[in-house]
Amino acid sequence: MRLFTVGCLLVTTVLGAVVLNTALQARSTWSTVTAQQAPQVVDATGLYQSLTDLDAQTANLLMFGDNPQLTGQRSTALSQYAADRTSADRDLQHATLAAAGDVTVQQALAAVLDGMGSYQDLAARAMELNDRSHAGAGHPDPTALALYRQATDLMRTTLLPAADRLVQANNDAFNRTYAGERSALGTAEWWAALLGAALLLSLLGLQLWLARRFRRIINPPLAAATLLAIVLVAMAGTLMPDEREHLRVARRDAFDSVVALTRARAVAYDANADESRYLLDHDRAPQYQDAFEAASVRIASLPGVTISTYDAELASAVTAYQADHKDVRFGGFYGDEFRNITFTGERAAAEQTLTAYQAYQRDDRSIRALVEQGRLQDAIAYGTSLAPGGSNADFAAHDAALQKLITINSDAYTAAAHDGTTELDLRTPAMAGCAALVLLLCLLGVRPRLTEFRR
């Protein structure tokens, strides 16, 4: 009887330890993911976006010159330049605080910090020289343009690649945490099933032995312990797969889309910056046109396209998708999103975003056509116009639609994380109570029988 009892107590203790340790570890993982890793990914993409838009606004300010007809656009660019600097500084501060212990993140962050001061110095000198020269729109001061070339080259070859590495490093850390926790939950699920089966068999075996030895059919404390053990095993057996599913929804269904879409937004700002550079620096216009095309392909890729065929090929892919939602022929960040549509309202928001993106792309071709016709001033006015139908207005419409789509997935991620943590918070004390009661009832069930032996 002592051996049966010790066996029951030991298995209950080990089972309780496994279940509670797994629950506490899962709760710690949710805290790490929601409070650190996911925000770090979003902050890093925000940093990339702020940096590339900072360079775009620098190009815009040089491009506008002192043309009085572009005073409104110049004022907007100055305000946005200041906002981008503030956003970049904030995101850098957040990244610095979170960088401890991750060498890859620290290296990427160091590259951004080292280059940021140099960039701002070059950009400020370029804008000051251009203002002093009273350069006309689209015809910057040569010395100012040379300084801007140094600044934008630094941005494109050092700062933006480092910011992109920062995004990737933080996202990789999140993925490692996700994979590790999912694996741990799967392993714990098997151990809980084995230990739960051993506990139930031990309790049943003890009760059968007592029934035969003492001719008592039911031992109430041990019967109650068995029922509580069944409850404990059931709670553990459903909690772990539930947590695996909450993690999968949060990471794969929701946050994978958040990452793809926030990166698409950052790259869209980069493409918009290439458009400004194209209008500003005529000698480098082919280079910036190629860069715009490369950014567009990162957002929605199509095999073998050029900037002249991109619109038609994308329209054809969209038509195929509309006929069959499983037929997603474009890749890139938007391809990733359209292959991962999961939540209510997400498909409609994704389609609206893609339609707005197509409109912005068509605007870009209009800008280049105006430049080819020798109508540079018209191209600048159209390319920076926030009036309905203007290129920047369509860019803003695309950005608004994209942010709405990001919010749908971000809210779904938050909801999945809330469901996961809430279930843990409810079940962890309940499972601890069950395990403690099973131990107590086992002792109460055998104590009278041990007393009889002593007599």
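Summary of the structure given here. Here, residues in each chain are numbered from 1, in the same order as that chain's written sequence. It should be noted that, the model being predicted, local features are given only for residues of pLDDT at least 70 and side-chain atom pairs only at 80 or more, the latter also being counted only at that level, while totals for whole chains, interfaces and linings use all residues. Excluded from the side-chain calculations are hydrogens and water; all other atoms, namely the structure's heavy atoms, are used.

1. A few points about the overall build of the chain
Next up, step 1: What the chain contains, in helices and strands, is 11 helices and 0 strands.
Next up, step 2: What you see in the chain, going N to C, is helices and strands ordered as α-α-α-α-α-α-α-α-α-α-α.
Next up, step 3: In terms of C-alpha radius of gyration, the chain reaches 31 Å, well past the compact-globule figure of 23 Å for 455 residues.
Next up, step 4: By its C-alpha atoms, the chain is 110 × 50 × 35 Å across when sized along the principal axes.
Next up, step 5: With 455 residues in all, the chain has 52% of them scored as buried.
Next up, step 6: Residues count as neighbours in contact if any of their non-hydrogen atoms are within 4.5 Å of one another. In the chain, once contacts between residues fewer than 6 apart in sequence are set aside, the share between residues at least 24 apart is 80%.
Next up, step 7: Only the protein chains shown count as cover for residues, with accessible areas throughout obtained via the Shrake-Rupley method and a probe of 1.4 Å. For the chain, the accessible surface area stands at approximately 20,200 Å², while carbon and sulfur atoms represent 58% of it.
Next up, step 8: Note that His is not counted, nor are the chain ends; the positive residues are Lys and Arg, and the negative ones are Asp and Glu. Note on charges: their place is set at NZ of Lys, CZ of Arg, CG of Asp or CD of Glu. Seen as two clouds, the 39 positive and the 49 negative side-chain charges of the chain have centres 16 Å apart. Segments assigned H or I by DSSP are reported as helices when at least four residues long, segments assigned E as strands when at least two residues long, and all are numbered from the N terminus. Just to be clear, the radius of gyration here is over C-alpha atoms, and the globule rule we use is 2.2 Å times residues to the power 0.38. Buried, partly exposed and exposed residues are distinguished by accessible area as a fraction of the type maximum, computed with a 1.4 Å probe on protein chains only: under 20%, between the cut-offs, and over 50%, respectively.

2. Some points on the nonpolar core
Next up, step 1: Throughout this description, the term nonpolar core refers to a set of buried Ala, Val, Leu, Ile, Met, Phe, Trp, Tyr and Cys residues connected via side-chain atoms within 4.5 Å. The biggest cluster of nonpolar side chains holds 83 residues, and the ones touching the most others in it are Phe-330 and Tyr-334.
Next up, step 2: Tallying contributions element by element places helix 5 (residues 220-280) first for this core, with 22 residues.
Next up, step 3: When neighbours within four sequence positions are excluded, Phe-330 is seen to be in contact with Ser-301, Leu-302, Leu-314, Ala-317, Gly-335, Phe-338, Arg-339 and Leu-354.
Next up, step 4: Leu-62, Tyr-148, Tyr-278 and Leu-279 belong to the second-largest nonpolar core, a separate cluster that totals 52 residues.

3. Brief notes about the packing of helix 5 against helix 6 (residues 285-299)
Next up, step 1: Remark: helix 5 packs on helix 6, axes separated minimally by 8 Å, with the N-to-C direction vectors making an angle of 165°. If you check the angle between helix 5 and helix 6, you find them roughly antiparallel. Helix 6 is crossed by helix 5, and the crossing has left-handed handedness. Contacts between helix 5 and helix 6 pair Arg-263, Ala-264, Val-267, Ala-268, Ala-271, Asp-274, Glu-275, Arg-277 and Tyr-278 from the former with Ala-285, Tyr-288, Gln-289, Ala-291, Phe-292, Ala-295, Arg-298 and Ile-299 from the latter.
Next up, step 2: Along the lines of polarity and charge, the residues of the contact of helix 5 with helix 6 split into 11 nonpolar, 1 polar and 5 charged. Axis lines are fitted to C-alpha atoms, over the contacting stretch for helices. Their N-to-C directions set the angle, which ranges from 0 to 180 degrees. Geometric relationships in this document are graded by angle, where less than 35 degrees denotes roughly parallel, more than 145 denotes roughly antiparallel, 65 to 115 denotes roughly perpendicular, and other angles denote oblique. Here is the rule for handedness: rotate from the far helix to the near one, and if that takes an anticlockwise turn smaller than a right angle the crossing is left-handed, while a clockwise turn gives right-handed. Three residue categories are used. Nonpolar comprises Ala, Val, Leu, Ile, Met, Phe, Trp, Tyr, Cys and Pro, charged comprises Asp, Glu, Lys and Arg, and polar comprises the others, including Gly.

4. Regarding helix 9 (residues 346-372)
Next up, step 1: Any helix carries an expected span of 1.5 Å times its number of residues minus one. For helix 9, spanning 27 residues, the distance from its first C-alpha to its last is 39 Å, which sits close to the expected 39 Å at 1.5 Å a residue.
Next up, step 2: Following helix 9 by one or two positions, Gly-374 adopts a phi angle in the positive range, close to 80°.

5. Regarding the pattern of salt bridges
Next up, step 1: In the sections that follow, a salt bridge refers to a side-chain nitrogen of Lys or Arg positioned within 4 Å of a carboxyl oxygen of Asp or Glu. Within this structure, the stated rule accounts for 27 salt bridges.
Next up, step 2: One salt bridge in this structure joins Asp-274 and Arg-156, with 2.8 Å as the shortest N-O distance. With Asp-274 in helix 5 and Arg-156 in helix 4 (residues 142-214), this residue pair connects regions lying 118 residues apart in the sequence.
Next up, step 3: The class for Arg-156 is partly exposed, based on a relative accessible area of 24%.
Next up, step 4: For the salt bridge of Arg-368 with Asp-364, the shortest nitrogen-to-oxygen distance reads 2.7 Å. Separated by 4 residues within a single helix, Arg-368 and Asp-364 lie in helix 9, roughly one turn from each other.
Next up, step 5: Under the relative-accessibility criterion, Arg-368 is labelled buried at 5%.
Next up, step 6: For Asp-364, a relative accessible area of 0% translates into the label buried.
Next up, step 7: Through salt bridges with shared partners, a single network forms among Asp-55, Arg-156, Asp-270, Asp-274 and Arg-277.

6. Some words on the packing of helix 6 against helix 9
Next up, step 1: The N-to-C vectors of helix 6 and helix 9 enclose an angle of 170°; their axes lie 13 Å apart at closest approach. Relative to helix 9, the element helix 6 is oriented roughly antiparallel. Packed against helix 6, whose contacting residues are Gln-289, Phe-292, Ser-296 and Ile-299, the element helix 9 presents Tyr-357, Tyr-360, Gln-361, Asp-364, Arg-365 and Arg-368 at the interface.
Next up, step 2: Grouping the constituent residues of the contact of helix 6 with helix 9 by class yields 4 nonpolar, 3 polar and 3 charged.

7. Considering helix 3 (residues 103-133)
Next up, step 1: Here helix 3 contains 31 residues, and its C-alpha end-to-end distance of 46 Å stays within 8% of the 45 Å for a straight helix at 1.5 Å per residue.
Next up, step 2: At Met-116, helix 3 shows its maximal kink, close to 30°.
Next up, step 3: Taken from the residues just after helix 3, His-134 is the one with a positive phi, measuring 55°. Bend at a residue means the angle formed by two fitted axes: the first through the 7 residues ending at that position, the second through the 7 residues beginning there.

8. What about the packing of aromatic side chains?
Next up, step 1: Classification of ring pairs uses Phe, Tyr and Trp, with its six-membered ring standing for Trp, and accepts pairs whose centres are within 6.5 Å; under 30 degrees between planes counts as stacked, over 60 as edge-to-face, and the remaining range as tilted. Counted according to the given criterion, the structure contains 8 aromatic pairs.
Next up, step 2: Measuring from centroid to centroid gives 5.1 Å for Tyr-269 and Phe-395, while their planes differ by 80°, and the two rings are edge-to-face. Placement of Tyr-269 in helix 5 and of Phe-395 in helix 11 (residues 391-454) is noted, with a sequence separation of 126 residues between them.
Next up, step 3: Here Tyr-269 falls in the buried class, since its relative accessible area comes to 12%.
Next up, step 4: Ring centres of Tyr-321 and Phe-338 lie 5.1 Å apart, and the angle between their planes is 90°; on these two criteria the pair is classed as edge-to-face. Taken together, the residues Tyr-321 in helix 7 (residues 310-323) and Phe-338 in helix 8 (residues 332-338) connect sequence positions 17 residues apart. Both residues of the pair, Tyr-321 and Phe-338, belong to the buried class.
Next up, step 5: Among the aromatic residues, ring-to-ring pairing joins Tyr-269, Phe-292, Tyr-360 and Phe-395 into one connected group.
Next up, step 6: Counting as a charge over the ring demands two things of the Lys NZ or Arg CZ atom: a distance within 6 Å of the ring centre and an angle within 35 degrees of the ring normal. One cation-aromatic arrangement involves Arg-251 over Phe-174; the distance from NZ or CZ to the ring centre is 4.5 Å.

9. Re unusual backbone geometry
Next up, step 1: Its identity is not glycine, yet His-134 carries a phi of approximately 55°, on the positive side.
Next up, step 2: Inspection of the secondary structure puts His-134 in the loop between helix 3 and helix 4.

10. A few points about a nonpolar patch on the surface
Next up, step 1: The patch calculation keeps residues exceeding 30% relative accessible area without a salt bridge and links them within 9 Å when they carry like charges or within 5 Å when they are nonpolar (Val, Leu, Ile, Met, Phe, Trp, Tyr). Taken together, the side chains of Leu-437, Leu-440 and Leu-444 present a nonpolar region at the surface, about 260 Å² in accessible area.
Next up, step 2: For Leu-440, the location among the structural elements is in helix 11.
Next up, step 3: A relative accessible area of 45% means that Leu-440 is categorised as partly exposed.

Read these as spatial facts, not as claims about activity.
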